[in-house]
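Below, each chain spelled out in residue letters.
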Amino acid sequence: MLALAATLPGIAVVDDGEARSAAQKSKVHLKPTLALLFDAIRADVISEKELGEIADELIASKYRLPFSAGEAIAWGRARGML
C-alpha cells in the first residue's frame, strides 16, 4: 500500500507502528484512523455521536484504540482534537 501511496497524491491511512515508520521514511503523507475521524468532525462530515459509535464498533471488533468504549469524545477533547 505504501508503494502505491508514494506514487499518488493524497493521504495513506496507516495505524500499524511499523507501517507508520516506513511511511515517514518514504515521505508518504499519512494519517492515523483516529486523526481522520476527528478531522471529519471538524469538517462537519460526521457528528461527535457518530464518531463515538464508530470508535465503539472498532473497539468491539478488537481494534486497538487508546481509550475504552464510550470515551472517544472525552479523549479527543482532552487532546485538543475537538
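In this text, all values refer to a predicted model and were calculated from it rather than measured experimentally.

1. So, the side chain of Thr 33
Okay, step 1: With respect to the element layout, Thr 33 can be found in helix α3 (residues 33–42).
Okay, step 2: Classification of Thr 33 as buried rests on a relative accessible area of 18%.
Okay, step 3: Within the local environment of Thr 33, its side chain forms a polar contact with the side chain of Asp 15, the two groups lying 2.4 Å apart.
Okay, step 4: There is a polar contact of 3.2 Å between the side chain of Thr 33 and the side chain of Tyr 63.

2. A closer look at the nonpolar core
Okay, step 1: By size, the foremost hydrophobic cluster in this structure holds 14 residues, and its most contacted members are Leu 34, Phe 38, Ile 41, Ile 46, Leu 51, Phe 67 and Trp 75.
Okay, step 2: Residue assignment for this core shows that the elements contributing at least two residues are α3, α4 (48–60) and α5 (72–78).
Okay, step 3: Excluding residues that lie within four positions of it along the chain, Ile 41 makes contacts with Ile 46, Ser 47, Glu 48, Leu 51, Ile 73 and Leu 82.

Rules behind the numbers
- Residues numbered from 1 in each chain as written.
- Predicted model: local features only at pLDDT ≥ 70, side-chain atom pairs only at ≥ 80, totals over all residues.
- Heavy atoms only, no water.
- Helix = DSSP H or I, 4+ residues; strand = E, 2+ residues; numbered from the N terminus.
- Buried < 20%, exposed > 50% of the residue type's maximum accessible area, 1.4 Å probe, protein only.
- Polar contact = N/O pair within 3.5 Å; in protein donor to acceptor, adjacent residues only side chain to side chain.
- Core = buried A, V, L, I, M, F, W, Y, C linked by side-chain atoms within 4.5 Å.
- Contact = heavy atoms within 4.5 Å.

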